[in-house]
Amino acid sequence: VAKAFPNTVFMHATGYKTAPNLGVYDVRTYEGSYMLGVVAGKMSKGNKLGIVASIPIPEVIRNINAFTIGARSVNPNATTRVIWVNAWFDPGKEREAELALIAQGCDVLMQNTDSPAVVQTAQEKGVMAFGWDSDMSKFGGKAHLAASILNWGVIYKKVTAEVQAGTWKTGDLWWGVKNGAVNIDNFGAAVPADVKKLAEERRDGIKAGKLHPFTGPLKDQSGKEFLAAGKSYTDADLKKMNFYVQGVEGSIPK
């Protein structure tokens, strides 16, 4: 379509192809996952965390890994179990997946799916969960620990202003905490003040460029080091992530 309308600017969310009049953009959801992981690691009583995952692409695998890294940074005994529903939005499957994770002993749940089913089921079953992409506390206030909030608007305002000024150029925007596109907020009453403070300190570290969730030493699921101490994963590495980090149980669907 961009080729057919060369005088119109197009932007493709989570895309990967560009053209002179076509740019791509995304938000660093893994930063939100990492911060939620910090809270999960502190709040879990049994050290078993669960994730209801959508589709096994690098974006989602990256979020699972960041969540686990965050949790294990404050609780080295924490492990993560994953059930894939192969859909972005399927409340029935999301609920079934969560029930299976709860049956395995998971007491804190995250999701990389879009319905409120996980938070609703968490409240029903007396476990804890998080809002994903937005505040979901109205669907299960007692279960809702915090939310990873996305603000796509900061990207839209930048692009719109550049198009209006005639200064827009194609490229790949990937914004996160530093740019105001990702935040952790809407903490539940069950979250102690010290845990909230810790999560916000980690957020502020990311914002200041002093903290990168994927900083070594880090090992993969087999125990092999893939990132040496002091080294941080590049964006190119993050965008092709196709393996689990240490602490995640199970395998990635082929």
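These figures come from a predicted structure and were not determined experimentally.

A. Molecular detail of the overall build of the protein chain. Helix and strand content of the protein chain: 7 helices and 12 strands. For 254 residues, the compact-globule estimate of 2.2 N^0.38 gives 18 Å, and the C-alpha radius of gyration of the protein chain, at 18 Å, lies within 12% of that figure. By the burial criterion, 48% of the 254 residues in the protein chain qualify as buried. Element-wise, carbon and sulfur atoms account for 52% of the exposed surface of the protein chain, whose accessible area totals about 12,000 Å². In the protein chain, 30 side chains carry a positive charge and 24 a negative one; their mean positions are 4 Å apart.

B. Here's a closer look at the sheet that holds strand S6 (residues 128–133). Pairing in this open sheet of 7 strands is mixed, and the strands run S9-S7-S6-S5-S3-S4-S12 from one edge to the other. If you trace the sheet from one side to the other, it starts and ends with strand S9 (182–185) and strand S12 (248–249), each paired once. Bridge analysis of strand S3 (residues 48–53) against strand S4 (residues 79–84) gives 6 bridges, and the strand direction is parallel. Each residue of the ladder has a partner; that of Leu49, found in S4, is Thr80.

C. The layout of surface pockets, seen in detail. Each pocket or cavity is described by its volume, and for the largest pocket that value is around 320 Å³. Lining the largest pocket are 15 residues, and of these Thr14, Gly15, Asp26, Arg62 and Lys239 sit closest to its centre. Per-class residue counts for the lining of the largest pocket are 7 nonpolar, 3 polar and 5 charged.

D. Quick peek at the packing of helix H3 (residues 91–103) against helix H4 (residues 117–125). At a minimum axis separation of 9 Å, H3 and H4 run at an interaxial angle of 40 degrees. Accordingly, the angle class assigned to the pair H3 and H4 is oblique. Here H3 and H4 pass one another in a crossing that is right-handed. Every residue of H4 that contacts H3 at Pro91, Glu94, Arg95, Glu98, Leu99 and Ile102 is listed here: Ala117, Val118, Thr121, Ala122, Glu124 and Lys125. When the residues that make up the contact of H3 with H4 are grouped by side-chain class, the tally is 6 nonpolar, 1 polar and 5 charged.

E. Structural detail: the sheet that holds strand S2 (residues 22–27). Within the open sheet, the 3 strands sit side by side as S1-S2-S8. Their pairing is parallel. Each edge of the sheet is formed by a strand with only one pairing partner; in this case those strands are strand S1 (10–13) and strand S8 (172–175). Across this sheet, the average inter-strand angle for adjacent strands is 25 degrees, counted without regard to direction. Sheet analysis places S2 next to S8, joined by 4 bridges and oriented parallel. When the bridges of S8 are listed, Val24 appears paired with Asp172.

F. Examining the packing of aromatic side chains more closely. If you walk through the whole model with that rule in mind, you get 8 aromatic pairs. With 5.8 Å between their ring centres and 65 degrees between their planes, Tyr30 and Trp174 make a pair best called edge-to-face. Residue Tyr30 is located in helix H1 (residues 29–43), and its partner Trp174 is located in strand S8; the two are separated by 144 residues in the primary sequence. Clustering of aromatic rings is evident, with ring pairs tying together Tyr30, Trp174, Phe214, Phe226, Tyr233 and Phe243.

G. Up close: the environment of Glu201. Take Glu201: it is sitting in helix H6 (residues 193–207). A relative accessible area of 43% places Glu201 in the partly exposed class.

H. Structural detail: the packing of H1 against helix H2 (residues 58–74). Where H1 meets H2, the axes come as close as 6 Å, and the angle between the chain directions of the two elements is 35 degrees. As H1 packs across H2, the resulting crossing turns out to be right-handed. On the side of H1, the interface is formed by Thr29, Tyr30, Ser33, Tyr34, Leu36, Gly37, Val38, Ala40, Gly41 and Lys42, while H2 contributes Glu59, Arg62, Asn63, Ala66, Phe67, Ile69, Gly70, Ala71, Ser73 and Val74. Of the residues in the contact of H1 with H2, the class split is 10 nonpolar, 7 polar and 3 charged.

I. Structural view of the nonpolar core. Ranked by internal contacts, the top residues of the largest apolar core, which has 58 residues, are Val39, Ile64, Phe130 and Phe214. If we ignore the near neighbours within four places in the chain, the residues touching Phe130 are Leu36, Val39, Ala40, Phe67, Val108, Leu109, Met110, Gln111, Val119, His144, Leu145 and Ala146.

J. Inspection of H1 at higher detail. Relative to the 21 Å expected for 15 residues at 1.5 Å per residue, H1 spans 21 Å between its end C-alpha atoms, a close match to the ideal helical length. The element H1 is largely enclosed, with a buried count of 14 among its 15 residues.

K. Structural view of unusual backbone geometry. Cis peptide bonds are those with omega within 30 degrees of zero, and the linkage from Gly216 to Pro217 qualifies with 10 degrees. With respect to the helices and strands, Pro217 occurs in the loop between H6 and strand S10 (218–219). Positive phi, normally seen in glycine, also occurs at Asp133, with a value near 75 degrees. Of note, Asp133 is situated in strand S6.

Each value, and the rule that gives it
Each residue is numbered by its place in its chain's sequence as written, counting from 1. Confidence filtering applies because this is a predicted model: local features only for residues at pLDDT of at least 70, side-chain atom pairs given and counted only at 80 or more, and all residues used for totals across whole chains, interfaces and linings. Only heavy atoms go into the side-chain values, all of them from the structure, while hydrogens and water stay out. Only runs of H or I of at least four residues qualify as helices and only runs of E of at least two qualify as strands under DSSP, and these elements are numbered from the N terminus. Note on method: radius of gyration uses C-alpha positions; expected globular size equals 2.2 Å times residues raised to 0.38. Note on classification: 1.4 Å probe, protein chains only; a residue is buried when its accessible area is under 20% of the maximum for its type, exposed when over 50%, partly exposed between these limits. In this description, accessible areas are obtained by the Shrake-Rupley approach with a 1.4 Å probe, and a residue is regarded as covered only by the protein chains that are shown. Under this rule, positive means Lys or Arg and negative means Asp or Glu; His and the chain ends count for nothing. Lys charges are placed at NZ, Arg charges at CZ, Asp charges at CG and Glu charges at CD. In this scheme, strands are said to pair when DSSP sees at least two bridges between them. Within this scheme a cavity is a closed region of a 1 Å grid, computed over the protein atoms alone, that accommodates a 1.4 Å probe without allowing it to escape, whereas a pocket is open but has protein on both sides within 12 Å along at least five of seven lines; lining residues each have an atom within 4 Å of a point. Grid points are joined across faces, edges and corners, and a volume is the space filled by probe spheres set on the points. Each residue receives one of three labels: charged for Asp, Glu, Lys and Arg, nonpolar for Ala, Val, Leu, Ile, Met, Phe, Trp, Tyr, Cys and Pro, and polar for the others, Gly being one of them. Each axis is a line fitted through C-alpha atoms, and for a helix only the stretch in contact is used; angles between axes span 0 to 180 degrees, taken between their N-to-C directions. Put simply, angles under 35 degrees are roughly parallel, angles over 145 are roughly antiparallel, angles from 65 to 115 are roughly perpendicular, and the rest are oblique. What makes a crossing left-handed is the near helix being turned counterclockwise from the far one by less than a right angle; a clockwise turn instead makes it right-handed. Whether two residues are in contact is decided by their heavy atoms, any of which lying within 4.5 Å being enough. Note on aromatic pairs: the rings of Phe, Tyr and Trp (six-membered ring only in Trp) are paired at centre separations within 6.5 Å, and the planes decide the class, stacked below 30 degrees, edge-to-face beyond 60, tilted for the rest. The term nonpolar core refers to a set of buried residues drawn from Ala, Val, Leu, Ile, Met, Phe, Trp, Tyr and Cys, joined through side-chain atoms within 4.5 Å. Here a helix's expected span is defined as the number of its residues, less one, multiplied by 1.5 Å.

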